[in-house]
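Take a look at the letters that make up each chain.
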Amino acid sequence: MTAAATPASSPATAGERPGVRLARSRRNAELSLLLLAMALVAAYGAMVEANVLDTVTPKFWVPAAVLTAVFLGVHVAIRFLAPFADPALLPAVALLNGLGVGFLRRLDLGNAAPEERADLAIFAGTGGRQLAWTLLSVLLAAGLLALVRDHRSISRYAYTLGLAGIVLVMLPAVLPASISEINGAKLWVRIGGFSIQPGEFAKLALLAFFAYYLVRKREVLSLASHRFLGIDFPRGRDLGPVLVVWAISLLVLIFEKDLGTSLLYFGMFVATVYIATERVSWLLIGLVLFFGGAYLAYVLGDAIGGPFANFYVRAQIWLDPFAKPYDEGYQLVQGLLALGTGGLFGAGPGGGQPTELPEVQNDFIFAGLGEEIGLFGLSALLVIYLLIVERGLRAALAVRDSFGKLLAGGLAFTLALQVFVIVGGISKLIPLTGQTTPFLSAGGSSLMANWLLIAVLLRVSDAGRRPVTGGGKVNRPSGGPPEQLHGAPTEVIKP
């Protein structure tokens, strides 16, 4: 006895309904997590006011409400532009961004006169500017999602992006120190009251070029010439690209006087090479080249000074910050004392003295937060960063084209490396750098660049998570070519 046959659904209906349900489920999960994140930001603002003002004003919720409206706007944009994207990325980033705005407002309250604190305007001070930068950053991210409907289209402009990235990297180095140098590092372009850090955008442009280049050259770079201690090493003739990027990173270290930026550019290239070739030897070669170059710069800084002097001084501060605790080592010493004062649980939001830290709104915001939320609070923040990186790597694994894999994997690693560089600097693991803490530190350049990074990860994640329709093809956004699931992946990069 056979069961009665059910009426056949049309191919469009059969493929569309599960996909629509899946997209709605993910976006609803994203919405729930986003509202939870904003509730935490509002609670943080209330605790700050309770400790700084000894009362909670009726408008404590206003900054969190403004942020909620901003992030709900980008959430709606994702529903239409990237409905299958990872639902955890936006809430995690929104929580970090919201806590950053809240802590900067806490600094504004601490710096204001006691009688003026309760009436501090929402868009006043550093926290108010960061709130405005957040609005602009999420608008740029939504605009990128609308403009780039298929991440593979970025590969068409790879050489243009590569050239633009090199120009942005080297621009501060060739400009006079009066308009490019802050705290010894030449990373800025300042014109009047406007300033921008071009290196933040350069990392995105260069990474797109690296992904394009390595898709074309990965077979050559994967070739091994000899085996040593169980590790296959590449041929000498294939070391050219790594040596070129290494030389550029050393030029950044010498002329822009910043270890963090140099390490970030070289590290993201070596990591992308490793993702493309799966050869551990490239990581070993990269580590030897970079640390060998850094040590050479240190020796030359001691011997001849000149352009190497700044790096030598930073290395000396790192080796013994308490040698001159009220002079060159003052910033690092104060950061270490803030972390030590915070202990396990911290003094509570608004209960510490982060305004005593030099550059606490930028380089040392992690130390300032550590004084008030303690080791457990900082660990929670690092777990959120880890979640974002893990979701980025998962997007790289899920997407089906090689360019998308390298692009998403490189972006996720770049974010992880930037967090490592800044946290390592304030904790004395590595010399201090001029890098900002993503989504937390004050500044429009860093915030806009990192929101653009998240937009690209959302786009790649959307492509990797799209359901399979009939015929074994992946549902693509309007205008994007279908991709086969089985067999060789479709190559979209034309020679």
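Keep in mind that what you see is a predicted model, and the values were worked out from it rather than measured.

1. Examining the confidence of the model for the protein
In regions of low pLDDT, the predicted coordinates are not meant to be interpreted in detail.
Stage number 1. In this model, the protein carries an average pLDDT of 85, and 87% of its residues clear a pLDDT of 70 or more.
Stage number 2. With pLDDT under 50 throughout, residues 1–16 is counted as low confidence; its partners more than four residues away or in other chains account for 2 contacts.
Stage number 3. Considering only residues more than four positions removed or in separate chains, one finds that residues 478–495, a stretch of pLDDT under 50, has 37 contacts.

2. A few points about the layout of surface pockets
Stage number 1. The calculated volume of the largest pocket comes to roughly 920 Å³.
Stage number 2. Taken together, 40 residues form the lining of the largest pocket, with Ile182, Asn183, Trp188, Glu359 and Asn362 sitting closest to its centre.
Stage number 3. Going through the elements one at a time, helix H4 (125–147), strand S4 (194–196), helix H11 (309–319), helix H12 (330–342) and helix H15 (444–465) are the ones with two or more residues in the lining of the largest pocket.
Stage number 4. Here the residues of the lining of the largest pocket are counted per class, giving 16 nonpolar, 17 polar and 7 charged.
Stage number 5. Put simply, the second largest pocket is a space of about 610 Å³.
Stage number 6. Lining of the second largest pocket is provided by 26 residues; of these, Leu263, Leu287, Phe290, Phe291 and Ile430 occupy positions nearest its centre.
Stage number 7. Grouping the amino acids of the lining of the second largest pocket by side-chain chemistry returns 24 nonpolar, 2 polar and no charged.

3. Overview of the packing of aromatic side chains
What characterises a pair of aromatic rings is the spacing of the ring centres plus the angle enclosed by the ring planes.
Stage number 1. Following the criterion strictly, the structure yields 11 aromatic pairs and no others.
Stage number 2. Here the aromatic rings of Tyr159 and Tyr212 are separated by 5.5 Å at their centres, their planes lie at 75 degrees, and the arrangement is edge-to-face. On the criterion of sequence distance, the pair formed by Tyr159 in helix H5 (residues 158–174) and Tyr212 in helix H7 (residues 198–221) is long-range, its members being 53 residues apart.
Stage number 3. The interplanar angle of 65 degrees and the centroid separation of 4.7 Å between the aromatic rings of Phe210 and Phe269 together place this pair among those described as edge-to-face. Of this pair, Phe210 sits in helix H7 while Phe269 sits in helix H9 (residues 259–277); the two residues are 59 residues apart in sequence, bridging distant segments of the chain.

4. Structural notes on the nonpolar core
Stage number 1. Ranked by internal contacts, the top residues of the largest apolar core, which has 128 residues, are Phe71, Leu369, Leu381, Ile388, Phe439 and Trp451.
Stage number 2. Once you skip the residues sitting within four places of it in the chain, Leu369 turns out to touch Tyr44, Phe103, Gly374, Leu378, Leu381 and Leu440.

5. Considering empty space enclosed by the protein
Stage number 1. Scanning all chains against the criterion turns up 5 cavities of 30 Å³ or more.
Stage number 2. Space inside the largest cavity adds up to approximately 170 Å³.
Stage number 3. Along the walls of the largest cavity sit 17 residues, with Gly45, Phe60, Pro63, Gly102 and Arg105 positioned nearest its centre.
Stage number 4. For the second largest cavity, the calculated volume is near 90 Å³.
Stage number 5. For the second largest cavity, the lining is made up of 14 residues, of which Gln197, Gly199, Glu200, Thr261 and Tyr265 are closest to its centre.

6. Things to note about a nonpolar patch on the surface
Stage number 1. Taken together, the side chains of Tyr274, Ile275, Val280, Leu284, Leu287 and Phe291 present a nonpolar region at the surface, about 520 Å² in accessible area.
Stage number 2. Those elements giving two or more residues to the nonpolar patch turn out to be H9 and helix H10 (280–303).
Stage number 3. Of the residues forming the nonpolar patch, the biggest block, 4 residues, is contributed by H10.
Stage number 4. Within the secondary structure, Ile275 is located in helix H9.
Stage number 5. A relative accessible area of 33% places Ile275 in the partly exposed class.

Rules and cut-offs
- As a convention, each chain's residues are numbered from 1 in the sequence order in which they are written.
- Local features in a predicted model are, by the rule used here, given only for residues with pLDDT of at least 70; side-chain atom pairs are given and counted only at 80 or more, and totals for whole chains, interfaces and linings are based on all residues.
- Computation of side-chain values covers all heavy atoms of the structure but excludes hydrogens and water.
- Known as pLDDT, the predictor's confidence for each residue is given on a scale from 0 to 100.
- In this description, contact between two residues means that some pair of their heavy atoms is separated by no more than 4.5 Å.
- Lining residues are those with an atom within 4 Å of a point, where the points come from a 1 Å grid over the protein atoms alone and group into cavities, where a 1.4 Å probe fits but cannot get out, or pockets, open sets with protein on both sides within 12 Å along at least five of seven lines.
- Grid points are joined across faces, edges and corners, and a volume is the space filled by probe spheres set on the points.
- Helix and strand assignments come from DSSP, with helices taken as H or I runs of at least 4 residues and strands as E runs of at least 2, each series counted from the N terminus.
- When residues are sorted by character, Ala, Val, Leu, Ile, Met, Phe, Trp, Tyr, Cys and Pro go into the nonpolar class, Asp, Glu, Lys and Arg into the charged class, and all the rest, Gly among them, into the polar class.
- Between rings of Phe, Tyr and Trp, where Trp is taken as its six-membered ring, a pair exists when centres lie within 6.5 Å; planes separated by under 30 degrees are stacked, by over 60 edge-to-face, and by other angles tilted.
- What we call a nonpolar core is a set of buried Ala, Val, Leu, Ile, Met, Phe, Trp, Tyr and Cys residues that are connected through their side-chain atoms within 4.5 Å.
- Relative accessibility thresholds used throughout: buried, under 20% of the residue-type maximum; exposed, over 50%; partly exposed, between the two (1.4 Å probe, protein chains only).
- In this analysis, a patch consists of residues with relative accessible area above 30% that form no salt bridge, clustered at 9 Å for like charges and at 5 Å for the nonpolar side chains Val, Leu, Ile, Met, Phe, Trp and Tyr.
- What sets the accessible areas is the Shrake-Rupley method with a 1.4 Å probe; for residues, cover comes only from the shown protein chains.
- By definition, a salt bridge exists where a carboxyl oxygen of Asp or Glu is found within 4 Å of a side-chain nitrogen of Lys or Arg.

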